Amino acid sequence: MTSTGSPSRFRSAFVAAMCGLISLLSAPMRADEPASLALVPANASFYSATTHLREQYDVLVGSRAFAKLREMPIVQMGLGLAQAKWSDPQGDFATVKTLLEQPENKQLVELLVDAVSHEVFIYGDEGFAELMGMLNDIYQANQATLRGIDGADEEAAAKFSRIVAEHLDMAKVPATVMGFRLSNTETAVVQLARLEQLLGVVLAEQPDLKQRLSRQKIAGGDFLTLELDGSLIPWEAIPESIEFDLTEIRAKVSKMTASVAVGVMNQYLIIAVGASNDHLASLGQGDVLANRKELAPVKQHAQQRICSVTYVSEEFTQQSKTSQQRLDRLETLAESLAELVEIEDSLREQLIGDVRELVAQLKQWLPGPGATTRVVFTSDRGYEGYEYRWGEKKGIDATKPLTILEHVGGDPILLLAGRREYSPESYEAFSKWIGRAIYYGETLGLDKLGASEREFYQRVRGDLALLLKQLDQINREKVVPAFADGQVAVVVDAKVTSTQWHELMTATDKPLPMIELGLVCGVSDANLVREAAADYFRIAQKMIDTLHNAEPTTIPEFPLPSPESREFPEGAIYYYRLPRELGLDKQISPNAGLSNDVLVLSLTPKTTVRLLGKQPHQGGGVIARHQGTAGAAMQFSLAGLIEAVAPWVDYGAKFAGEEVEEAVLDQVHTGLEIAKCLHDVSTIMYQEDGVWVTHFELHLEDLPE
């Protein structure tokens, strides 16, 4: 099977599904990069382009999956109703239909179809990075100002108004350009003249706006432009407010300019917005985006059928600071709450100081800013692509192979795997903040307890504090070094089956799969894991005994039961049998498994045994093909999930309170089969010459003939 397609730059599930089906059947495409890379200036803040769109549409409507979708009765019904509405001469669409039948409008529709058939791109100039920087400066200045205001809304609004006005001196409208590659520009020029005539009629009664409309030649292109400025804003319509003074802001914004341009240039239909039209003259001139080092990876894949390229500059990323702003808001919120709590000033200062220190530490773990380039191309399995990130990914270790992928059960429905950097300092920080949380809990919460509860806490506090200290020591000396390997994987599968998962369920002849959830942790020292587990068990028992001894009449004595264990070639399993009164299948049994390589936690021993054993990853995709070191991997099989869900659909239909019509069930099955065409997605992340690379694939399969 040959497939082609292009994922849209927008990441919605709908677009992904459409693009997936598009690529099921494919005619050969040109092996080229977007031509707009040679037009966009090198200092762009962001850029995104998709290509070969008409070819993708043709592939979609020619696929077996699309044909099957059209044959579904519910789809046929919907298409029939839509056709009847469209054909009704007295219906809601009659006027629209009449307009579209006019020759000039037919030509417009043909132009629009042509515009989205080949290549569509959008870019924003360096002004977006400057705008983000200005907004961040305003935010930071306002946060600093709010800390000095004692709850007066009017004062806060007035100061915010002054801060905004101060930062508007250098503000300007950033340039944004959308381009649509055309096969025939003559039609676009004709329609541009129609647009000019139409706008002339619309603006006839607004001479101030009409004189701002003009036809211009810019760098060889033919454009219709509309020049605007801030004086056109209806300031008088904005309600006056004593809290917010717009005088200075109005004066500065009124001097700002904006230009909207629509035209034809270099085989593209261009729609642009900016402070002026100067940026249009720079298209294709001087240093262009294609020459940047961050776009070099695109050339590496020039022999592939490239269908999407996305780029975000380091400057724009640096100025965005979205995660830092969230932490700043958290800090501001915590400080505001601290001001509302009735506590001593010295304690309040401690609390605010700790919040600021915690936020500062969390910021140190944020990824470093850097440019991002993403290139996507088609393959015989669907989509494939690479994302390149320049910037530090703190906490991720990509210096070794991800051997934990040998412990995900071969071909699970979902796997998330990665390796963190070994950092005992991280536990030190964690331990510190747990200690501070306990301190504030005691200091602020003890007085809220009743007399008897407070007296009980005082009696057990010393023993509990000693046990917590022992627990902290166990973590430092055993747990942290035991898991120095740093690898972790979350696995979701559905290989365990039963004909009756609960006694209240009606038994079925066809076994039903159960969703299995497993957590796999890489182990550096299995003996330390065993010792730490025994110590945890001992400390938990002592805590229970401490509480019982303090209140023997109300807190019963409770000896913790030891888990049952069983040895397998893959490792030892420690499990607890659930009470039969719960009515659950006996396969469900909370457990842990330990080998020399991994620790596994799950709810079914069968799952744990399977994950303890070593077997090569069999899910296909880029994970199976990758050789060498890696920092993280992900794979999700939609086909596998549907196969696990389908028996439950049949079971629910069979034992539903009302009988489900067979025709309805057939449509459900058809829909599930079509959805399985989006077979699976996989990613693997690694480092290459200091750049973080994420290799990804969307595997697609058409319906069988």
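Note that this is a predicted model, so its numbers are computed, not measured. (Residues numbered from 1 in each chain as written. Predicted model: local features only at pLDDT ≥ 70, side-chain atom pairs only at ≥ 80, totals over all residues. Heavy atoms only, no water.)

So, about the overall build of the protein. What the protein contains, in helices and strands, is 23 helices and 22 strands. Expressed as a percentage of the 705 residues in the protein, the buried residues total 41%. Carbon and sulfur atoms make up 58% of the accessible area of the protein, which amounts to about 37,700 Å² in all. Looking at the protein, you have 65 positive and 98 negative side-chain charges, and the mean spots of the two groups are 3 Å apart. (Helix = DSSP H or I, 4+ residues; strand = E, 2+ residues; numbered from the N terminus. Buried < 20%, exposed > 50% of the residue type's maximum accessible area, 1.4 Å probe, protein only. Areas by Shrake-Rupley, 256 points an atom, 1.4 Å probe, with all protein chains shown as cover. Lys, Arg positive; Asp, Glu negative; His and termini not counted. Charge placed at Lys NZ, Arg CZ, Asp CG, Glu CD.)

We now examine the packing of helix H16 (residues 345–364) against helix H17 (residues 424–445). Between H16 and H17, the shortest axis-to-axis distance is 12 Å and the interhelical angle comes to 155°. Comparing the axis directions of H16 and H17 gives the class roughly antiparallel. In the crossing of H16 with H17, the sense of the turn from one axis to the other is left-handed. On H17, the residues touching Leu347, Gln350, Leu351, Asp354, Glu357, Leu358 and Gln361 of H16 are Ala429, Lys432, Trp433, Arg436, Tyr439, Tyr440, Thr443 and Leu444. (Axes fitted to C-alpha atoms, helices over the stretch in contact; angles between N-to-C directions. Parallel < 35°, antiparallel > 145°, perpendicular 65-115°, else oblique. Left-handed = near helix turned anticlockwise from the far one by under 90°. Contact = heavy atoms within 4.5 Å.)

Moving on to helix H6 (residues 103–115). If you check H6, its first and last C-alpha atoms are 18 Å apart, about what 13 residues at 1.5 Å a residue would give, namely 18 Å. Looking at H6, one finds that the buried residues are Asn105, Leu111, Asp114 and Ala115. Elements in contact with the buried residues of H6: helix H5 (94–100), strand S2 (119–124), strand S3 (176–181) and helix H9 (185–202). (Expected span 1.5 Å × (residues − 1).)

Turning our eyes to something else, we now look at the pattern of salt bridges. As enumerated under the stated definition, the model contains 35 salt bridges in all. Salt-bridge contacts for Arg419 lead to Asp485; the nearest nitrogen and oxygen are separated by 3.7 Å. Placement of Arg419 in strand S11 (residues 414–419) and of Asp485 in the loop between helix H18 (451–482) and strand S12 (487–493) is noted, with a sequence separation of 66 residues between them. For Arg459, the salt bridge is made with Glu551, and the minimal N-O distance between the two is 3.1 Å. One end of the pair, Arg459, is in helix H18; the other, Glu551, is in the loop between helix H19 (526–550) and strand S16 (564–568), and 92 residues separate them in sequence. (Salt bridge = Lys/Arg side-chain N within 4 Å of Asp/Glu carboxyl O.)

Further remarks concern the pairing of strand S5 (residues 221–229). Inspection of the sheet shows strand S4 (residues 213–218) paired to S5 by 6 bridges, in the antiparallel sense. Looking at the pairing, Gln216 lines up with Phe223 of S5. What sits between S4 and S5 in their antiparallel hairpin is a turn of 2 residues, with Ala219 showing a positive phi close to 50°. (Pairing = 2+ DSSP bridges.)

Attention now moves to the confidence of the model for the protein. Confidence along the protein averages 87 in pLDDT terms, with 91% of residues attaining 70 or more. Ranking the elements of the protein by mean pLDDT puts helix H1 (residues 13–22) last with 42 and strand S19 (residues 598–602) first with 98. Between residues 1–31, whose pLDDT stays under 50, and residues either more than four places distant or in other chains, the model counts 109 contacts. (pLDDT = per-residue confidence, 0-100.)

On the surface, Trp86, Phe93, Val96, Leu100, Val109 and Val113 cluster together into a nonpolar patch covering about 450 Å² of accessible area. When residues of the nonpolar patch are traced back to their parent elements, those giving at least two are H5 and H6. Its location among the elements puts Val113 in helix H6. (Patch = residues over 30% accessible without salt bridge, like charges linked within 9 Å, V, L, I, M, F, W, Y side chains within 5 Å.)

What follows deals with the packing of aromatic side chains. For any two aromatic rings, the description comes down to two numbers: the centre-to-centre distance and the angle of the planes. One pass over the structure, following the stated rule, counts 10 aromatic pairs. Ring centres of Phe121 and Tyr268 lie 5.4 Å apart, and the angle between their planes is 85°; on these two criteria the pair is classed as edge-to-face. Within this pair, whereas Phe121 is found in strand S2, its partner Tyr268 is found in strand S7 (residues 268–274), the two being separated by 147 residues in sequence. Both residues of the pair, Phe121 and Tyr268, count as buried. With centroids separated by 6.1 Å and ring planes inclined at 25°, the aromatic side chains of Tyr386 and Tyr388 adopt a geometry described as stacked. With respect to burial, Tyr386 and Tyr388 carry one shared label: buried. Here the aromatic residues Phe46, Phe128 and Phe316 are joined through ring pairs into a cluster of three or more. Here the basic side chain of Arg374 rests over the ring of Phe696, its NZ or CZ set 4.2 Å away from the ring centre. (Phe/Tyr/Trp six-rings, centres within 6.5 Å; stacked < 30°, edge-to-face > 60°. Lys NZ or Arg CZ within 6 Å of the ring centre and 35° of its normal.)

The next thing to look at is the side chain of Thr604. Looking at the element boundaries, Thr604 is found in the loop between S19 and helix H20 (605–612). Among residues more than four places away in sequence, those in contact with Thr604 are Val496, Glu516, Gln587, Ile588, Ser589 and Asn591.

Below, the discussion takes up the environment of Ala398. The topology assignment puts Ala398 in the loop between strand S10 (382–389) and S11. Here Ala398 falls in the buried class, since its relative accessible area comes to 6%. Residues within four places of Ala398 in sequence aside, it is in contact with Thr629, Ala630, Gly631, Tyr686, Gln687 and Trp692.

The subject of this paragraph is the packing of helix H22 (residues 638–654) against helix H23 (residues 662–675). Two elements in contact, H22 and H23, have axes separated by 10 Å at closest approach and are oriented at 170°. Relative to H23, the element H22 is oriented roughly antiparallel. Side by side, H22 and H23 meet where Leu638, Ile642, Ala646, Val649, Asp650 and Ala653 of the first sit next to Leu665, Val668, His669, Leu672 and Ala675 of the second. Residue classes in the contact of H22 with H23 are distributed as 9 nonpolar, 1 polar and 1 charged. (Nonpolar A, V, L, I, M, F, W, Y, C, P; charged D, E, K, R; others polar.)

Side chains that are nonpolar tend, in soluble globular proteins, to be buried together. Ranked by internal contacts, the top residues of the largest apolar core, which has 55 residues, are Tyr47, Phe121, Tyr123, Ile270, Leu280 and Val520. Beyond its immediate chain neighbours, meaning those up to four positions away, Tyr47 contacts Pro34, Ser36, Leu37, Val40, Glu119, Phe121, Ile122, Tyr123, Leu289, Val309, Thr310 and Tyr311. Core analysis: the next-biggest nonpolar cluster, separate from the first, contains 15 residues, Val479, Val523, Ala532 and Leu599 among them. (Core = buried A, V, L, I, M, F, W, Y, C linked by side-chain atoms within 4.5 Å.)

Before going further, it helps to spend a moment on the pairing of strand S1 (residues 46–51). S1 sits mainly inside the fold: 5 of its 6 residues count as buried. The sheet contact formed by S1 and S2 spans 6 bridges and is antiparallel. Considered in S2, the bridge of Phe46 is made with Gly124. Judged from the 5 bridges that link them, S1 and strand S8 (residues 305–312) form a sheet pairing that is antiparallel. Residue Phe46 lies in a different strand from S8, and its bridge partner there is Val312.

We note that Ala219 has phi near 50°; this positive angle belongs to a residue other than glycine. With respect to the helices and strands, Ala219 occurs in the loop between S4 and S5. The class of Ala219 is partly exposed, set by a relative accessible area of 46%. For Asn266, which is not glycine, the phi torsion reads 50° and is therefore positive. Along the chain, Asn266 turns up in the loop between strand S6 (257–265) and S7.

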